[in-house]
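# Topology and contacts: notes
The lines below spell out each chain.
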Amino acid sequence: MNAVTTAPGAPARPFREVWFITLGHALTHWYPGTFYLLLPIIGKELGLSYSQIGLIMTCQYLAGAVANVPGGALVDTVGRKGPLMAVSLFWVGFPYLLMGFTHSYLMLLACVALVGFGNSLWHPTAIPTLAHSFPERKGLVLSMHGMGGNVGDALAPIVVGALLSILTWREVVILNVVPGVVVALVLLVFLGTLQLGGKNKPQQDGATRDGRVQSFGDYVRGLAPLFRNRALILLSTSSAFRSMTQNALLTFLPVYLAYEMDFSPVWVGASLFALQAAGFAASPVAGHLSDGMGRKTVMMTSMAMTAVVLLFMAFAGKSFAFVVLVAVLGFFLYAIRPVMQAWLLETTPKNMGGTSIGVLFGAQSLGSSLAPLLAGMIADRYGLGATFYFLAGTIIVANLFIFFMPHTGKDAAAA
């Protein structure tokens, strides 16, 4: 199947684009997926406290928070999307190579900050490109893109967990740069000319409406209405709290499994695989359901179930039930990512898609930067198990913001 139908009267877009972009997305998640597994090992080697371990991820996501909006602006004013994605992928992978040569905690923080900058280009480029190419199937296509991330997150702990049985973590990060370079070159070759269209003639309101490249003047005129958009504010704030849940979990779940449950790297990797594999299964289901049932219903249900599972995990403690609940958590936690992205692009101007996604991921990065440090401080004071109560609280707050989202489209029909 070489093409799919988009909107009536719109040209068919090659589905090949979806597969290449999804492959690139898998690699942008492969590297963080690797690093989460390495954190307990690095923490022990450098003698780090839980707060210092949390600060590592705080630096990465704080850099992303700073860079996401400028990254979105670059995307909205540059036509060629393929090279931007290739640069982003290379920029995400290369700093991990540098980590293999450092013995300094400060240099480690600098390397993860570089990763945050690289990640700021990927989502504002890839997500609007896919959404504009397949406007009637946003939820499904973006869920496929999300599945790529889940594949990277799921396979990295398994592969790297096995490699750590024969290699040091430094040898692993050096070897690990190869797939990123290869896939970056693939994107450059096959998607190097990919763009949403040529320059548009200015319209009366000074902004284009079809998602194609615009002049810088048109872009600047579109900023004020965008930042007054209620849906953008509510979804971005909700996403920030949801990301607090996700990234504090990814930071301290491996630490909990390694320190409290005495899991080997292989078994820690297997547990993270279960978390991400469940998310892989949930993503297309949630995306498809949201195309038919409405975004709000799917998101509120998934967030509520995430909070319930996190509370059960806190009560389960060091038991086999805890490991089982990890997989259940992944199903609900990762289901809503493509739904939120599709909803945001439906409620903001098409020509500002890159900036809209940049704001969303900037808010997520801000939440992600705060959560690991806060969770680490809680763990230092009250124990690692207490972090799961904190995570349940953050996802409940995220759901409250979705409750106040205005009903639109199928959500309005269901209300």
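### Brief notes about the overall build of the protein
- Broken down by element type, the protein carries 16 helices and two strands.
- Counting across all 415 residues of the protein, residues that qualify as buried make up 60%.
- Counting only contacts in the protein whose residues sit at least 6 apart along the sequence, the fraction spanning at least 24 positions is 82%.
- As presented, the protein carries roughly 15,900 Å² of accessible surface, and 71% of it is formed by carbon and sulfur atoms.

### Some words on the environment of valine 92
- Locating valine 92 in the fold gives a position in helix H3 (residues 81–99).
- On the basis of relative accessible area, valine 92 is assigned to the buried category, the value being 0%.
- Residues valine 92 and valine 177, spaced 85 residues apart in sequence, show a C-alpha to C-alpha distance of 9.6 Å.
- When sequence neighbours within four positions are dropped, the list of residues in contact with valine 92 reads Thr28, Tyr31, Val115, Gly118 and Asn119.

### Details of the packing of aromatic side chains
- Taken as a whole and assessed by the stated rule, the structure comprises twelve aromatic pairs.
- Ring centres 6.5 Å apart and planes at 80 degrees place the aromatic pair tyrosine 50 and phenylalanine 252 in the edge-to-face group. Here tyrosine 50 is found in helix H2 (residues 50–77), whereas its partner phenylalanine 252 is found in helix H9 (residues 230–259), with 202 residues between them in sequence.
- Pairing phenylalanine 315 with tyrosine 389 gives two aromatic rings, centres 6.1 Å apart and planes at 85 degrees, and the pair type is edge-to-face. Placement of phenylalanine 315 in helix H11 (residues 295–316) and of tyrosine 389 in helix H15 (residues 387–403) is noted, with a sequence separation of 74 residues between them.
- Taking relative accessible area as the criterion, phenylalanine 315 reaches 63% and is therefore assigned exposed.
- Note on tyrosine 389: relative accessible area 41%, which makes it partly exposed.
- Cation over ring: lysine 296 sits above phenylalanine 403, and NZ or CZ is 6.0 Å from the ring centre.

### Side note on empty space enclosed by the protein
- Counted according to the given criterion, the structure contains seven cavities of 30 Å³ or more.
- Approximately 450 Å³ is the volume found for the largest cavity.
- Surrounding the largest cavity, 28 residues form its lining, His29, Tyr61, His123, Phe361 and Gln364 being those nearest its centre.
- Of all elements in the fold, only helix H1 (16–46), H2, helix H4 (105–133), helix H5 (138–163), H9, helix H13 (337–346) and helix H14 (353–382) reach the threshold of two or more residues within the lining of the largest cavity.

### Let's talk about the environment of phenylalanine 331
- Note on placement: phenylalanine 331 falls in helix H12 (residues 320–333).
- Taking the C-alpha atoms as reference, phenylalanine 331 lies 9.9 Å from alanine 286; in sequence the two are 45 residues apart.

### So, the pattern of salt bridges
- Taken as a whole, this structure holds two salt bridges when the rule is applied.
- Here arginine 295 makes a salt bridge to glutamate 346, at a shortest N to O gap of 2.4 Å. On the criterion of sequence distance, the pair formed by arginine 295 in helix H11 and glutamate 346 in helix H13 is long-range, its members being 51 residues apart.

### Some remarks on the nonpolar core
- Counting residues in hydrophobic clusters, the biggest one holds 112 residues, and the most contacted among them are Phe35, Ile56, Leu187, Leu253, Met313, Phe322 and Phe388.
- Top contributing element to this core by residue count: H9, with 14 residues.
- Setting aside residues up to four positions removed in sequence, phenylalanine 388 forms contacts with Leu249, Leu253, Tyr256, Leu310, Met313, Ala314 and Phe322.

### Concerning a nonpolar patch on the surface
- Taken together, Val66, Val87, Phe90, Trp91, Phe94, Leu98, Leu114, Phe117, Val181, Leu185 and Leu188 make up a surface patch of nonpolar side chains, about 910 Å² in accessible area.
- Contributing elements (two or more residues each) for the nonpolar patch: H3, H4 and helix H7 (177–191).
- Along the chain, valine 87 falls in helix H3.
- The partly exposed category is assigned to valine 87, whose relative accessible area is 44%.

### Concerning unusual backbone geometry
- Here the phi dihedral of aspartate 262 falls at roughly 60 degrees; this positive angle occurs in a residue that is not glycine.
- Position of aspartate 262 relative to the elements: it lies in the loop between H9 and helix H10 (265–293).

### Some thoughts on the environment of alanine 270
- Relative to the helices and strands, alanine 270 is located in helix H10.
- Note: C-alpha distance between alanine 270 and leucine 155 (115 residues apart in sequence) is 9.2 Å.

### Notes on the side chain of threonine 348
- Summarising the element assignment, threonine 348 is placed in the loop between H13 and H14.
- Separated by 2.8 Å, the side chain of threonine 348 and the backbone oxygen of leucine 344 make a polar contact.
- Looking at threonine 348, its side chain comes within polar contact range of the side chain of serine 356, at 3.2 Å.
- Threonine 348 has contacts with Leu226, Asn229, Leu232 and Ser356, leaving out every residue within four places of it along the chain.

### Observations regarding helix H8 (residues 216–227)
- The terminal C-alpha atoms of H8 lie 17 Å apart, and with twelve residues this matches the ideal 16 Å at 1.5 Å per residue to within 8%.
- In this structure, the buried residues of H8 make contact with H2, H9 and H14.

### Here we look at the packing of H1 against H4
- Two elements in contact, H1 and H4, have axes separated by 11 Å at closest approach and are oriented at 155 degrees. As summarised for this structure, H1 and H4 are arranged roughly antiparallel, according to the angle between their axes. Regarding H1 and H4, the two cross each other, and that crossing is left-handed. Each of Glu17, Val18, Ile21, Gly24, His25, Thr28, His29, Phe35, Ile42 and Leu46 in H1 lies in contact with H4, whose residues at this interface are Leu108, Val112, Asn119, Trp122, His123, Ala126, Thr129, Leu130 and Ser133.
- Here the residues of the contact of H1 with H4 sort into ten nonpolar, eight polar and one charged.

About the thresholds
Residues numbered from 1 in each chain as written. Predicted model: local features only at pLDDT ≥ 70, side-chain atom pairs only at ≥ 80, totals over all residues. Heavy atoms only, no water. Helix = DSSP H or I, 4+ residues; strand = E, 2+ residues; numbered from the N terminus. Buried < 20%, exposed > 50% of the residue type's maximum accessible area, 1.4 Å probe, protein only. Contact = heavy atoms within 4.5 Å. Areas by Shrake-Rupley, 256 points an atom, 1.4 Å probe, with all protein chains shown as cover. Phe/Tyr/Trp six-rings, centres within 6.5 Å; stacked < 30°, edge-to-face > 60°. Lys NZ or Arg CZ within 6 Å of the ring centre and 35° of its normal. 1 Å grid on protein atoms, 1.4 Å probe; cavity = no way out; pocket = protein on both sides within 12 Å on 5 of 7 lines; lining within 4 Å. Points joined across faces, edges and corners; volume = space filled by probe spheres on them. Salt bridge = Lys/Arg side-chain N within 4 Å of Asp/Glu carboxyl O. Core = buried A, V, L, I, M, F, W, Y, C linked by side-chain atoms within 4.5 Å. Patch = residues over 30% accessible without salt bridge, like charges linked within 9 Å, V, L, I, M, F, W, Y side chains within 5 Å. Polar contact = N/O pair within 3.5 Å; in protein donor to acceptor, adjacent residues only side chain to side chain. Expected span 1.5 Å × (residues − 1). Axes fitted to C-alpha atoms, helices over the stretch in contact; angles between N-to-C directions. Parallel < 35°, antiparallel > 145°, perpendicular 65-115°, else oblique. Left-handed = near helix turned anticlockwise from the far one by under 90°. Nonpolar A, V, L, I, M, F, W, Y, C, P; charged D, E, K, R; others polar.

In short, shape yes, function no, at least from these values alone.
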